Amino acid sequence: PKHYEGGEPLPEEMFEKLKQQKTFGAGMMSCRQLLFGMLDMELHSNFDPEGDETIFDVQRKMAEIYTPYAKPVEEDRFLAGFSHIFAGGYSAGYYSYKWAEVMSADAFGAFEEVGLDNEEGVKEVGRKFRETVLSLGGGVAPMEVFKEFRGREPSPEALLRHNGLA
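Residues numbered from 1 in each chain as written. Predicted model: local features only at pLDDT ≥ 70, side-chain atom pairs only at ≥ 80, totals over all residues. Heavy atoms only, no water.

## Observations regarding the confidence of the model for the protein
Logical step 1: Taken as a whole, the protein shows an average pLDDT of 94; of its residues, 100% reach a score of 70 or greater.
Logical step 2: Within the protein, no element has a lower average pLDDT than helix α4 (residues 83–86), which sits at 86, and none a higher one than helix α6 (residues 119–136), at 97. (pLDDT = per-residue confidence, 0-100. Helix = DSSP H or I, 4+ residues; strand = E, 2+ residues; numbered from the N terminus.)

If you want it as structure tokens, here you go:
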């Protein structure tokens, strides 16, 4: 990379530091998304509004598991405004954000596996992607489409690698 005005090359050490920032905080952000997804599932699957436990108790219990480094304070009322899971059409479906990341990274992994510089390999994988994911679309169950493309179920390995966590 070069300076936008003078054209001087960016020192390699600075370039490496900039690249490292790409994954800064990725683990905490992943845990946060997992917390939201699992909290959503817990509230829509097991929570009893007539019981003794409040939604805020459930939030604290789930945070203890997924984000023990950032537990909500007693006065926290984040859930009162978390419209995604109560009014935004994602009820018991917030997990789909992270699941979409898993599937996307794994699908891109097929291109990485043949080598991004391998023009013929990339074309072949691209054709298979077009014939499966793009062509079958919503006419076939998403898991079946993915398995047709990758030959297996999705794996989080590529996402972990892309986020610098593996």
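## Considerations on the pattern of salt bridges
Logical step 1: Under the defined criterion, the tally for this structure stands at 16 salt bridges.
Logical step 2: Between E13 and K17 there is a salt bridge, with the nearest N and O atoms lying 3.8 Å from each other. Here E13 and its partner K17 are both found in helix α1 (residues 12–21), four residues apart, which amounts to about one turn of the helix.
Logical step 3: The exposure class of E13 is exposed, given its relative accessible area of 59%.
Logical step 4: The partner of E42 in a salt bridge is K61, and the shortest N-O contact between them spans 4.0 Å. Separated by 19 residues along the polypeptide, E42 in helix α2 (residues 26–45) and K61 in helix α3 (residues 55–66) bring together distant segments of the chain.
Logical step 5: Salt bridges sharing partners connect three or more residues here, namely D106, E113, R150 and R152. (Salt bridge = Lys/Arg side-chain N within 4 Å of Asp/Glu carboxyl O. Buried < 20%, exposed > 50% of the residue type's maximum accessible area, 1.4 Å probe, protein only.)

## A look at helix α5 (residues 96–114)
Residue pairs three or four apart in sequence face the same way in an α-helix, which turns once every 3.6 residues.
Logical step 1: The first and last C-alpha atoms of α5 sit 28 Å apart over 19 residues, in line with the 27 Å expected at 1.5 Å per residue.
Logical step 2: Among the residues of α5, K98, V102, M103, A105, D106, A107, G109, A110 and F111 are the ones counted as buried.
Logical step 3: Where α5 is buried, its residues contact α2, α6, α7 (142–150) and α8 (157–162).
Logical step 4: The first or second residue beyond α5 is G115, which carries a positive phi of 95°. (Expected span 1.5 Å × (residues − 1). Contact = heavy atoms within 4.5 Å.)

## Points about the packing of aromatic side chains
Logical step 1: Counted according to the given criterion, the structure contains nine aromatic pairs.
Logical step 2: Relative to F78, the ring of F36 has its centre 5.3 Å away and its plane inclined at 15°; by these criteria the two rings are stacked. Note that F36 is positioned in helix α2 and F78 in the loop between α3 and α4, a separation of 42 residues in sequence.
Logical step 3: Exposure remark for F78: the relative accessible area of 30% places this residue in the partly exposed category.
Logical step 4: Cluster of aromatic residues (ring-pair linked, three or more members): F36, F78, F82, Y94 and Y97. (Phe/Tyr/Trp six-rings, centres within 6.5 Å; stacked < 30°, edge-to-face > 60°.)

## Side note on the packing of α5 against α6
Logical step 1: Between α5 and α6, the shortest axis-to-axis distance is 8 Å and the interhelical angle comes to 155°. As judged from the angle between their axes, α5 and α6 are roughly antiparallel. Between α5 and α6 lies a crossing of right-handed hand. Contacts between α5 and α6 pair A107, A110, F111 and V114 from the former with G121, V122, V125, G126 and F129 from the latter. (Axes fitted to C-alpha atoms, helices over the stretch in contact; angles between N-to-C directions. Parallel < 35°, antiparallel > 145°, perpendicular 65-115°, else oblique. Left-handed = near helix turned anticlockwise from the far one by under 90°.)

## Comments concerning a nonpolar patch on the surface
Logical step 1: Where nonpolar side chains cluster on the molecular surface, the patch consists of M41, Y95 and W99 and spans about 280 Å² of accessible area.
Logical step 2: Relative to the elements of secondary structure, W99 occurs in helix α5. (Patch = residues over 30% accessible without salt bridge, like charges linked within 9 Å, V, L, I, M, F, W, Y side chains within 5 Å. Areas by Shrake-Rupley, 256 points an atom, 1.4 Å probe, with all protein chains shown as cover.)

## Some points on α3
Logical step 1: Helix length check: α3, at twelve residues, gives a terminal C-alpha distance of 16 Å against a target of 16 Å (1.5 Å per residue), a fit within 8%.
Logical step 2: Those residues of α3 not exposed but buried are F56, V58, Q59, M62 and A63. For α3, the arc enclosing every buried residue in end-on projection is 150°, short of the 170-degree limit, so these residues lie on one face.
Logical step 3: Buried residues along α3 sit against α2. (Arc of directions from axis to C-beta.)

## Things to note about the environment of Q20
Logical step 1: Position of Q20 among the secondary structure elements: in helix α1.
Logical step 2: Given the relative accessible area of 55%, Q20 is considered exposed.
Logical step 3: Remark: the alpha-carbon pair of Q20 and G164, spanning 144 residues in sequence, is separated by 8.8 Å.

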